[in-house]
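An overview of the molecular structure
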Amino acid sequence: GAGVSQSPSNKVTEKGKDVELRCDPISGHTALYWYRQRLGQGLEFLIYFQGNSAPDKSGLPSDRFSAERTGESVSTLTIQRTQQEDSAVYLCASSLTFGTRQPQHFGDGTRLSIL
Amino acid sequence: EDQVTQSPEALRLQEGESSSLNCSYTVSGLRGLFWYRQDPGKGPEFLFTLYSAGEEKEKERLKATLTKKESFLHITAPKPEDSATYLCAVQAYTTSGTYKYIFGTGTRLKVLA
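Here goes a summary of the coordinates provided. A quick note: this is a predicted structure, and the numbers were derived from the prediction, not measured.

Okay, the sheet that holds strand 8 (residues 70-75) of chain B next. Pairing between the strands of a sheet is mediated by backbone hydrogen bonds and can be parallel or antiparallel. Residue and element names in this part refer to chain B. Here 5 strands make up an open sheet; going across it, the order is 1-3-8-7-6 and the pairing antiparallel. With one partner strand each, in any of the chains shown, strand 1 (3-7) and strand 6 (56-59) form the two edges of the open sheet. In this sheet, neighbouring strand axes are inclined to one another by 15 degrees on average, regardless of whether the strands run parallel or antiparallel.

Dropping the structure here:
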């Protein structure tokens, strides 16, 4: 498709389990971003990737969170040993490049619920 | 500290009742300001980019303007389908020489028929 695709759209898991969220950016977009959106709150930056450069992990809330990206395509966000406070919508976005005033284009997110 | 503040948090309008949403920002170096629309259960949808004070952009019933300290999203004669959360984001320089995006918490707009 033409837009950013995220899967799964919903994920319910038990506390302590690991989860993996996937993002397919728009083809040709070299920059990819992950955000967390808690209910009623703004978007919280987690991590971004720009081409083959080292990712900016400054927004990751703890070492339970990690992300990988294969070249300039798919990215996965992994949360280990999930906690209830991890419940949120995880949004992925991509842009043509990073740092050139390019708007970010978002997927519809993965709604994560930790029981 | 870099900050983006949107007001009001929520707004109810009658169909046809024009109004404005505000996004005020305090950042060390503004590179661009973005407006998005977010519908329930969906990701934000890009609307506008503004780069410099005095700039204006229009799309259908929406017009975005930018000053040195704030941006306004004007909605003229809104329709029920304009109901959504409107998000503002700024791209700003960081002290390490790169950029970051900072989002506001949004204005929830409800337009009544």
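Still more ground to cover, so stick around.
Looking now at the nonpolar core. Burial of nonpolar side chains together is a common tendency in soluble globular proteins. Judged by nonpolar contacts, the single largest core of 25 residues is most densely connected at Leu-33, Trp-35, Leu-73 and Tyr-86 of chain B. The dominant element in this core, judged by the number of residues it contributes, is strand 9 (residues 84-93) of chain B, at 5 residues. Counting 20 residues, the second-largest nonpolar core is a separate cluster that includes Val-19, Leu-46, Ala-88 and Tyr-90 of chain A.

Let us look at the sheet that holds strand 6 (residues 65-69) of chain A. Residues and elements named next belong to chain A. Across the sheet, 4 strands lie side by side as 1-3-7-6; this open sheet has antiparallel pairing. The open sheet has two free edges, formed respectively by strand 1 (5-7) and strand 6, since each of these has just one partner strand. Strand-to-strand twist in this sheet, taken as the mean axis angle between neighbours without regard to direction, amounts to 15 degrees. In terms of strand pairing, strand 6 meets strand 7 (residues 75-79) through 5 bridges, oriented antiparallel. From the neighbouring strand, Phe-65 faces strand 7, where its bridge partner is Ile-79.

Taken together, the 19 residues of chain B in the interface contact 19 residues of chain A. Applying the counting criterion to the chain B and chain A interface returns 1 salt bridge. Its salt-bridge partner being Lys-42 of chain B, residue Asp-108 of chain A comes within 3.8 Å of it at the nearest N-O pair. For the side of chain B that touches chain A, the elements supplying multiple residues, two or more each, are strand 4 (30-38), strand 5 (45-50), strand 9 and strand 10 (99-103) of chain B.

What follows concerns the pattern of salt bridges. Residues and elements named next belong to chain B. Evaluation of the coordinates by the stated rule reveals 9 salt bridges over all chains. Between Asp-2 and Lys-100 there is a salt bridge whose closest N-O contact spans 2.9 Å. Here the residue Asp-2 occupies a position in the segment before strand 1, and Lys-100 occupies one in strand 10, the gap between them amounting to 98 residues. The salt bridge partner of Asp-82 is Arg-61, with a shortest N-O separation of 2.8 Å. Here Arg-61 lies in the loop between strand 6 and strand 7 (62-66) and Asp-82 lies in the loop between strand 8 and strand 9, a separation of 21 residues in the sequence. Relative accessible area serves as the criterion here: at 6%, Asp-82 is assigned to the buried category.

This brings us to the environment of Thr-49 of chain B. Locating Thr-49 of chain B in the fold gives a position in strand 5. On the basis of relative accessibility, which here comes to 5%, the residue Thr-49 of chain B falls in the buried class. On a C-alpha basis, the gap between Thr-49 of chain B and Tyr-36 of chain B in space is 9.4 Å, while along the polypeptide they are 13 residues apart. Once you skip the residues sitting within four places of it in the chain, Thr-49 of chain B turns out to touch Arg-101 and Pro-103 of chain A together with Leu-33, Phe-34, Glu-55 and Lys-57 of chain B.

All chains considered together, the criterion is met by 11 aromatic pairs over all chains. Plain terms: the ring middles of Tyr-35 of chain A and Phe-45 of chain A are 6.1 Å apart, the flat faces sit at 70 degrees to each other, and that makes the pair edge-to-face. One end of the pair, Tyr-35 of chain A, is in strand 4 (residues 31-37); the other, Phe-45 of chain A, is in strand 5 (residues 43-50), and 10 residues separate them in sequence. Its relative accessible area of 22% is what places Phe-45 of chain A among the partly exposed residues. Residues Tyr-35 of chain A and Phe-106 of chain A carry aromatic rings whose centres are separated by 5.7 Å and whose planes lie at 45 degrees to one another, so their mutual orientation is tilted. Here the residue Tyr-35 of chain A occupies a position in strand 4, and Phe-106 of chain A occupies one in strand 9 (residues 105-106), the gap between them amounting to 71 residues. On the basis of relative accessibility, which here comes to 0%, the residue Tyr-35 of chain A falls in the buried class. Given a relative accessible area of 10%, Phe-106 of chain A falls into the buried group. Each member of the aromatic cluster is reached from another via a ring pair, and the members are Tyr-33, Tyr-35, Phe-45, Tyr-48 and Phe-106 of chain A together with Phe-34, Tyr-36, Phe-46, Tyr-101 and Phe-103 of chain B.

What counts as what
- Residues numbered from 1 in each chain as written.
- Chains lettered and ligands numbered in written order.
- Predicted model: local features only at pLDDT ≥ 70, side-chain atom pairs only at ≥ 80, totals over all residues.
- Heavy atoms only, no water.
- Pairing = 2+ DSSP bridges.
- Helix = DSSP H or I, 4+ residues; strand = E, 2+ residues; numbered from the N terminus.
- Axes fitted to C-alpha atoms, helices over the stretch in contact; angles between N-to-C directions.
- Core = buried A, V, L, I, M, F, W, Y, C linked by side-chain atoms within 4.5 Å.
- Buried < 20%, exposed > 50% of the residue type's maximum accessible area, 1.4 Å probe, protein only.
- Contact = heavy atoms within 4.5 Å.
- Salt bridge = Lys/Arg side-chain N within 4 Å of Asp/Glu carboxyl O.
- Phe/Tyr/Trp six-rings, centres within 6.5 Å; stacked < 30°, edge-to-face > 60°.

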